[in-house]
Amino acid sequence: PLSKCLSPRTLLLGDFALRLVSGCFYTAALWGDAPHSLVLPLLYVSRFLYGVTLNSFALPSIWIACRMPVDERPARITAMQAALTLGIILGPTWGSTMASLMPTDWQGYATPGYFTIANCAVLLGLVYKYAWRQQRASSRPHRRRGRLLCSHGGLPGPRPSPLNPLPPTRPSSRGWRAFAR
């Protein structure tokens, strides 16, 4: 439902901003200065906000399926899956190493919050600078009389990529009728 009313760039910026706030709540709860009566509510809010932002894991797959040219899809999906797998493998190892280097146990427990804050700050900057500025992901190619009419210009062919976005243009009504015949 969100992809029908927001662009992927807006969704990702919102997700990473909420996840940054989530990391701040997590770190504030476990840093050691928070009163014990606030630890569990802060952790609950932190985990709730993190759960709300989990659509950022699915959004790139949806965008690749809807907007990438067919010949680029396998390479993009492979690169995305490689990055995700690398994070799954190296993340816990790096996190536990950093937690063991912290001076107190509570600061060690707060290391996921530190990494969430640092990671989301970097991702917010990257999405803001490099993310595509196109229409919503839900505007998909249309079929008319058995032929594919693409939403980016009418004829099948290469689509705009996130690295080289082309503004979507609609052909004139004459062009639509001529192609649909």
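Use the structure listed above.
Scope of this entry: the structure provided in the associated data block. (Residues numbered from 1 in each chain as written. Predicted model: local features only at pLDDT ≥ 70, side-chain atom pairs only at ≥ 80, totals over all residues. Heavy atoms only, no water.)

**Remarks on the packing of helix α2 (residues 8-30) against helix α7 (residues 111-130)**
Filter applied, for reference: Each axis is a line fitted through C-alpha atoms, taken for helices only over the stretch in contact, and angles between the N-to-C directions span 0 to 180 degrees. What counts as a helix is a DSSP run of H or I of at least four residues, what counts as a strand is a run of E of at least two, and both are numbered from the N terminus. Each angle gets one of four labels, with under 35 degrees taken as roughly parallel, over 145 as roughly antiparallel, 65 to 115 as roughly perpendicular, and the rest as oblique. Should the near helix be turned anticlockwise from the far one by less than a right angle, the crossing is left-handed, and should it be turned clockwise, the crossing is right-handed. Contacts between residues were defined by any pair of non-hydrogen atoms, one from each residue, lying within 4.5 Å. All amino acids are sorted into three groups, where Ala, Val, Leu, Ile, Met, Phe, Trp, Tyr, Cys and Pro are nonpolar, Asp, Glu, Lys and Arg are charged, and the leftover types, Gly among them, are polar.
Packing of α2 against α7 leaves a shortest axis separation of 8 Å and a crossing angle of 160°. As the angle between them shows, α2 and α7 are arranged roughly antiparallel. For the pair α2 and α7, the crossing hand works out as left-handed. Contacts from Arg-9, Leu-12, Leu-13, Phe-16, Ala-17, Arg-19, Leu-20, Gly-23, Cys-24, Tyr-26 and Thr-27 in α2 reach Pro-112, Gly-113, Tyr-114, Thr-116, Ile-117, Cys-120, Ala-121, Leu-123, Leu-124, Val-127 and Tyr-128 in α7. Split by residue class, the contact of α2 with α7 holds 16 nonpolar, 4 polar and 2 charged.

**Digging into the environment of Ala-131**
Among the secondary structure elements, Ala-131 is positioned in the loop between α7 and β1 (142-144). Taking the C-alpha atoms as reference points, Ala-131 and Leu-13, separated by 118 residues in sequence, lie 9.5 Å from one another. Those residues in contact with Ala-131, other than ones at most four positions away along the chain, are Arg-9 and Leu-126.

**A few points about a nonpolar patch on the surface**
Threshold: Patches draw on residues past 30% relative accessible area with no salt bridge. Two like charges within 9 Å are joined, as are two nonpolar side chains (Val, Leu, Ile, Met, Phe, Trp, Tyr) within 5 Å. Residue burial considers only the protein chains on display, and all accessible areas are found by Shrake-Rupley using a 1.4 Å probe. Here, a salt bridge means any side-chain nitrogen of Lys or Arg that lies within 4 Å of a carboxyl oxygen of Asp or Glu.
There is a patch of nonpolar side chains on the surface, built from Leu-54, Phe-57, Leu-84, Leu-86, Ile-88, Ile-89 and Leu-90 and spanning about 670 Å² of accessible area. It is helix α5 (residues 73-101) that provides the largest number of residues to the nonpolar patch, a total of 5 residues. Along the chain, Leu-84 falls in helix α5.

**Some points on the layout of surface pockets**
Condition: Both site types are read off a 1 Å grid over the protein atoms alone. A 1.4 Å probe that fits but cannot get out defines a cavity, while an open set with protein on both sides within 12 Å along at least five of seven lines defines a pocket; lining residues have an atom within 4 Å of a point. Grid points are joined across faces, edges and corners, and a volume is the space filled by probe spheres set on the points.
Roughly 1600 Å³ of internal volume is contained in the largest pocket. If you go around the largest pocket, you meet 40 residues; those closest to its centre are Phe-57, Ala-83, Leu-84, Asn-119 and Leu-123. Of all elements in the fold, only α2, α4 (55-67), α5 and α7 reach the threshold of two or more residues within the lining of the largest pocket. Per-element accounting of the lining of the largest pocket gives the leading share, 13 residues, to α5. Partitioning the lining of the largest pocket into residue classes produces 29 nonpolar, 9 polar and 2 charged.

These values are about where atoms sit, not about what they do.
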